[in-house]
Amino acid sequence: LKPGEIMPCGDFVGDGDTESTMTAGGVANKAHLFYDVGAVAIAWAMTKGNITSKQFWQSDVAGEGFWNAVVPWAGYDYDTGYPGECPDDKGWKKALLDITGHACMEAFYAEFDVWAGSATEASVLAILEAQCDVDAATDGVFDLSTAKSGSSLDPCTFDAAAARTAAASRSSCNYNTHKAAFEAAPPTVERTSACAPTSSAA
């Protein structure tokens, strides 16, 4: 994934397949892998964590918020680095795993892949917040005094090489092991609403 992790890179795109392979498989727009599927993955993660979009984007509490709960990892090489090299117990990955409860990113990817591989329109809709819940969360004027700022990190004040070496020495999870477990017991992920019936009750 490294060559195209954050953007198309030559003939490589975000899933590691070549553009010609994707086209042959019926993917007309490679941006879908970055944006459309990414949006679904975020909704899925919020549902797994039983949190709202408001919490995800605004809370700085670990396990409840993402954006403001990220503590920057000191190991990025800002000339040659890429987001995926962040270890599971640091930075954006830790913030996400605190929400979903997965032991590692490989487990997150494996469960999401198994779910997405058989997802229907109905199962995608089942992970989205009901409009009435969104309306309730955004009702009223935003109180600027409650605005949060994420943690900051001065890229000139840390030893990036040491942080990368420490990260590389950590053991990693195995994607295929987790995927096999999730395939054996396929995940069911569905959001509950305070104001709308669930799809199972409809």
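Here, the structure is the one placed above.
The structure contained in this document is the topic of the report that follows. Just so it is clear, the structure is predicted and the values come from calculations on it, not from any experiment.

1. Considering the overall build of the protein chain
Then step 1. Looking only at helices and strands, one finds 10 helices and zero strands in the protein chain.
Then step 2. Moving toward the C terminus, one meets the helices and strands of the protein chain in the order α-α-α-α-α-α-α-α-α-α.
Then step 3. Scored against the burial criterion, the 202 residues of the protein chain give a buried share of 27%.
Then step 4. By sequence separation, contacts in the protein chain at least 24 residues apart represent 59% of the contacts at least 6 residues apart.
Then step 5. Split by element, the accessible area of the protein chain, about 12,000 Å² in all, is 56% carbon and sulfur.

2. Here's the deal with the state of the cysteines
Then step 1. Applying the stated criterion across every chain, the model contains two disulfides.
Then step 2. Here Cys104 engages in a disulfide with Cys173; their sulfurs sit 2.2 Å apart. The disulfide joining Cys104 to Cys173 has a torsion of about -125° about its S-S bond and is therefore left-handed. In this pair, Cys104 is assigned in the loop between α5 (91–100) and α6 (105–117) and Cys173 in the loop between α9 (160–168) and α10 (175–184), connecting sequence segments 69 residues apart.
Then step 3. By relative accessible area, which is 1% here, Cys104 ends up buried.
Then step 4. A sulfur-sulfur separation of 1.7 Å characterises the disulfide bridge that pairs Cys132 with Cys195. Between Cys132 and Cys195, the S-S dihedral sits near 85°, and the bridge is therefore right-handed. Linking Cys132 in helix α8 (residues 131–137) with Cys195 in the segment after α10, this pair joins segments that are 63 residues apart in sequence.
Then step 5. Since its relative accessible area comes to 30%, Cys132 is described here as partly exposed.
Then step 6. Taken in N- to C-terminal order, the disulfide-linked cysteines of the protein chain are connected 1-3, 2-4.

3. Focus on the environment of Ile127
Then step 1. By secondary structure assignment, the location of Ile127 is in the loop between α7 (121–125) and α8.
Then step 2. Classification of Ile127 as buried rests on a relative accessible area of 1%.
Then step 3. Note: C-alpha distance between Ile127 and Ala43 (84 residues apart in sequence) is 6.3 Å.
Then step 4. When near neighbours in sequence (up to four residues on either side) are disregarded, Ile127 contacts Val40, Ala43, Trp44, Thr47, Trp115, Val189 and Arg191.

4. What to know about the packing of α5 against α6
Then step 1. Taken N-terminus to C-terminus, the directions of α5 and α6 make an angle of 55°; their axes are 10 Å apart at the nearest point. Considered as vectors, α5 and α6 are oriented oblique to each other. At the point where α5 passes α6, the crossing takes the left-handed sense. Of the residues in α6, those in contact with Trp92, Lys93, Leu96, Leu97 and Thr100 of α5 are Met105, Phe108 and Tyr109.

5. Regarding the nonpolar core
Then step 1. Membership of the largest hydrophobic core comes to 19 residues, with the highest contact counts inside it found for Trp44, Phe56, Phe66, Leu96, Phe108, Trp115 and Ile127.
Then step 2. Going through the elements one at a time, α3 (36–48), α5 and α6 are the ones with two or more residues in this core.
Then step 3. For this core, the leading source of residues is α3, giving five residues.
Then step 4. Apart from residues no more than four positions distant in its own chain, Phe108 is found in contact with Ala41, Trp44, Ala45, Leu96, Leu97, Thr100 and His102.
Then step 5. Of all hydrophobic cores here, the second largest spans five residues; its members include Trp73, Cys86, Ala163 and Ala167.

6. Quick word on the pattern of salt bridges
Then step 1. Scanning the entire structure with this criterion turns up two salt bridges.
Then step 2. With a closest N to O distance of 3.0 Å, Glu111 and Lys48 form a salt bridge. Of this pair, Glu111 sits in helix α6 while Lys48 sits in helix α3, and the two are 63 residues apart along the sequence.
Then step 3. Judged by relative accessible area, Glu111 falls into the buried class, the value being 5%.
Then step 4. Here Lys94 makes a salt bridge to Asp98, at a shortest N to O gap of 2.8 Å. With a gap of four residues between them, Lys94 and Asp98 both fall in helix α5, about one helical turn apart.

The rules we used
Residues numbered from 1 in each chain as written. Predicted model: local features only at pLDDT ≥ 70, side-chain atom pairs only at ≥ 80, totals over all residues. Heavy atoms only, no water. Helix = DSSP H or I, 4+ residues; strand = E, 2+ residues; numbered from the N terminus. Buried < 20%, exposed > 50% of the residue type's maximum accessible area, 1.4 Å probe, protein only. Contact = heavy atoms within 4.5 Å. Areas by Shrake-Rupley, 256 points an atom, 1.4 Å probe, with all protein chains shown as cover. Disulfide = S-S within 2.5 Å. Axes fitted to C-alpha atoms, helices over the stretch in contact; angles between N-to-C directions. Parallel < 35°, antiparallel > 145°, perpendicular 65-115°, else oblique. Left-handed = near helix turned anticlockwise from the far one by under 90°. Core = buried A, V, L, I, M, F, W, Y, C linked by side-chain atoms within 4.5 Å. Salt bridge = Lys/Arg side-chain N within 4 Å of Asp/Glu carboxyl O.

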